[in-house]
Amino acid sequence: MTSWKHHVALLAIPLAACQTTPPHNEALREARQAYASASLHPQAGEAGGLELRRARQSLDAAERAWADRRNDEETRHLSYLAYRQAQAAHLAAEQRQQEVLLRQASVERERIRAEGHALDAQSARNRADRLSDRADQLEQALQQMQARSTDRGLVVTVRDVLFDTAQHQLQPGARRSAAQLAAILQQHPQRRIRVEGFADSRGSETYNLALSQRRAEAFRDALVENGVPADRIDVQGLGEAFPVATNATAAGRQQNRRIEVVFSDEQGQVKSRP
């Protein structure tokens, strides 16, 4: 007959296994945050619905992998898929919102222009001035999506420029961002910009500096292809300096492989980093 001590030992085995399960997974946490951010975007359902559903499926699979105590590698892989899909959904939603704003601004300009024809010359000039102010308001509206005010001026982080490791080729989303930024620059011909390229911490500092320069030049070329004169654009590679996320994870390194666009003031002066 089996002793009571033997039964106690058998019961202790699964309990000990549960105690060895790590309580936290960083990749899964980042995927959850990315999905939550994308799903809360007002345009997520219309523009990013397909990618959002894919992200939900990948995230559910990652959750199950973690809950079933499968290996960490599978959880990280599924979490990374969910993270990228959520980012794609968020990007699609932001682009749709920007298109809506641009259409609204275009309609407003046409309305003011039509009204101007019915007024005397002075009134028309006054309304043209207000039209210019409305264009500036459009620029301010775009800041809500991807721009921030700094001591150097308006800085736009092009979030869909997610370069592959050791690569400088632009992803399709980056080319769409270049076209959108080119449209804004054409509305503000007095503005100059500096395109800054960045790398993650893999590789030597010398290599990363050269790689980030090539990334900045690739984005500059895309702007030129969309009608921005090359003499309005400065480029600078900053290597692995000024990271925006940890380089200890794949997701963090991906965010550090980025492009930032610094706008000049109205006199065309672009401030350098301190």
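Throughout, a residue's number is its position along its own chain's written sequence, starting from 1. For a predicted model such as this one, the threshold for reporting local features is a pLDDT of at least 70, and the threshold for listing and counting side-chain atom pairs is 80 or more; totals across whole chains, interfaces and linings nevertheless cover every residue. In computing side-chain values, all of the structure's heavy atoms are included and hydrogens and water are not.

## Regarding the nonpolar core
Inference 1: Residue types Ala, Val, Leu, Ile, Met, Phe, Trp, Tyr and Cys, when buried and joined through side-chain atoms within 4.5 Å, form a set referred to as a nonpolar core. For each residue, the accessible area found with a 1.4 Å probe, counting protein chains only, is set against the maximum for its type, and the residue is called buried under 20%, exposed over 50%, and partly exposed in between. If you look at the biggest cluster of nonpolar residues, it comprises 22 residues, and the most contacted ones within it are Ile193, Val195, Phe219, Leu223, Val261 and Phe263.
Inference 2: Secondary-structure elements contributing two or more residues to this core are strand 2 (153–158), helix 7 (172–187), strand 3 (193–197), helix 8 (205–225) and strand 5 (259–263).
Inference 3: The contact definition used throughout considers only heavy atoms, calling two residues in contact when any of these lie within 4.5 Å. With sequence-adjacent residues up to four places away left out, valine 195 is seen in contact with Ala216, Phe219, Leu223, Ile233, Asp234, Val235, Gln236, Ile259 and Glu260.
Inference 4: Leu28, Leu59, Ala61 and Ala65 belong to the second-largest nonpolar core, a separate cluster that totals 19 residues. Comment: elements are numbered from the N terminus, with helices defined as DSSP H or I runs of at least four residues and strands as E runs of at least two.

## A closer look at the pairing of strand 5
Inference 1: Among the five residues of strand 5, five are classified as buried, and the element is accordingly described as predominantly covered.
Inference 2: Burial along strand 5 is two-sided: Ile259, Val261 and Phe263 facing one way and Glu260 and Val262 facing the other are all buried.
Inference 3: Strand pairing is assigned whenever DSSP detects at least two bridges linking the two strands. Note that strand 2 and strand 5 share four bridges and pair antiparallel. Along strand 5, the bridge assignment pairs valine 156 with valine 261.
Inference 4: Pairing geometry for strand 3 and strand 5, over five bridges, is antiparallel.

## What about the pattern of salt bridges?
Once their charged atoms are close, side chains differing in charge can pair, the charge on each being opposite to the other.
Inference 1: A pair is scored as a salt bridge if a Lys or Arg side-chain nitrogen falls within 4 Å of a carboxyl oxygen belonging to Asp or Glu. Going through the model one piece at a time under the given rule, you end up with 16 salt bridges.
Inference 2: Close ionic contact of arginine 194 with glutamate 196 constitutes a salt bridge, the shortest N to O distance being 3.2 Å.
Inference 3: Arginine 273 serves as the salt-bridge partner of glutamate 260, at 3.0 Å between the closest nitrogen and oxygen. With a gap of 13 residues between them, glutamate 260 in strand 5 and arginine 273 in the segment after strand 5 connect regions that are remote in the sequence.
Inference 4: A single salt-bridge network, built from bridges that share partners, covers Arg148, Arg152, Arg194, Glu196, Arg258, Glu260 and Arg273.

## Some points on helix 4 (residues 49–67)
Inference 1: Helix span, expected: 1.5 Å multiplied by one less than the number of residues in the helix. Its 19 residues give helix 4 an end-to-end C-alpha distance of 27 Å, which sits within 8% of 27 Å, the value for a rise of 1.5 Å per residue.
Inference 2: Buried within helix 4 are the following residues: Gly49, Leu52, Ala55, Ser58, Leu59, Ala61, Ala62, Ala65 and Trp66.
Inference 3: Two residues or fewer past helix 4, arginine 69 is found with a positive phi of approximately 60°.

## Things to note about the pairing of strand 2
Strand residues, when the strand is regular, have side chains that alternate between the two faces of the sheet.
Inference 1: Buried residues dominate strand 2, accounting for five of its six residues.
Inference 2: As paired strands, strand 1 (residues 147–150) and strand 2 are joined by four bridges and run antiparallel to one another. Residue pairing in the sheet places arginine 148 in a bridge with valine 155 of strand 2.

## Thoughts on the confidence of the model for the protein
Inference 1: Averaged over all residues, the pLDDT of the protein equals 79, while 78% of them reach at least 70.
Inference 2: Confidence of the predictor at the level of single residues is captured by pLDDT, which takes values from 0 to 100. Per-element mean pLDDT across the protein ranges from 43 in helix 1 (residues 4–19) up to 95 in strand 4 (residues 233–237).
Inference 3: Every residue in residues 1–21 scores below 50 in pLDDT, and together they form three contacts with partners more than four places removed in sequence or on other chains.

## Topic: unusual backbone geometry
Inference 1: A positive phi is found at phenylalanine 242, a non-glycine position, where the angle reads about 55°.
Inference 2: The residue phenylalanine 242 is located in the loop between strand 4 and helix 9 (250–256) in this model.

## Section: the packing of helix 2 (residues 26–39) against helix 4
Inference 1: Contact geometry of helix 2 with helix 4 gives a least axis separation of 10 Å together with a crossing angle of 155°. Relative to helix 4, the element helix 2 is oriented roughly antiparallel. Crossing angle aside, the handedness with which helix 2 passes helix 4 is left-handed. Here Leu28, Ala31, Arg32, Tyr35, Ala38 and Ser39 of helix 2 lie close against helix 4, whose contacting residues are Leu52, Ala55, Arg56, Leu59, Ala62, Glu63 and Trp66. Simply put, an axis is a line fit to the C-alpha atoms, just over the touching stretch for a helix, and the angle between two N-to-C directions goes from 0 to 180 degrees. Working definition: roughly parallel below 35 degrees, roughly antiparallel above 145 degrees, roughly perpendicular at 65 to 115 degrees, and oblique for all remaining angles. The crossing is said to be left-handed when, going from far helix to near helix, the turn is anticlockwise and less than a right angle, and right-handed when the turn is clockwise.

## Focus: the packing of helix 7 against helix 8
Inference 1: Between helix 7 and helix 8, the shortest axis-to-axis distance is 8 Å and the interhelical angle comes to 55°. Considered as vectors, helix 7 and helix 8 are oriented oblique to each other. As helix 7 packs across helix 8, the resulting crossing turns out to be right-handed. Contact residues: helix 7 offers Ala174, Arg175, Ala178, Leu181 and Ala182, while helix 8 offers Phe219, Ala222, Leu223 and Glu225.
Inference 2: Lys, Arg, Asp and Glu make up the charged group, whereas Ala, Val, Leu, Ile, Met, Phe, Trp, Tyr, Cys and Pro make up the nonpolar group; the residues left over, Gly among them, are polar. By residue class, the composition of the contact of helix 7 with helix 8 is seven nonpolar, no polar and two charged.

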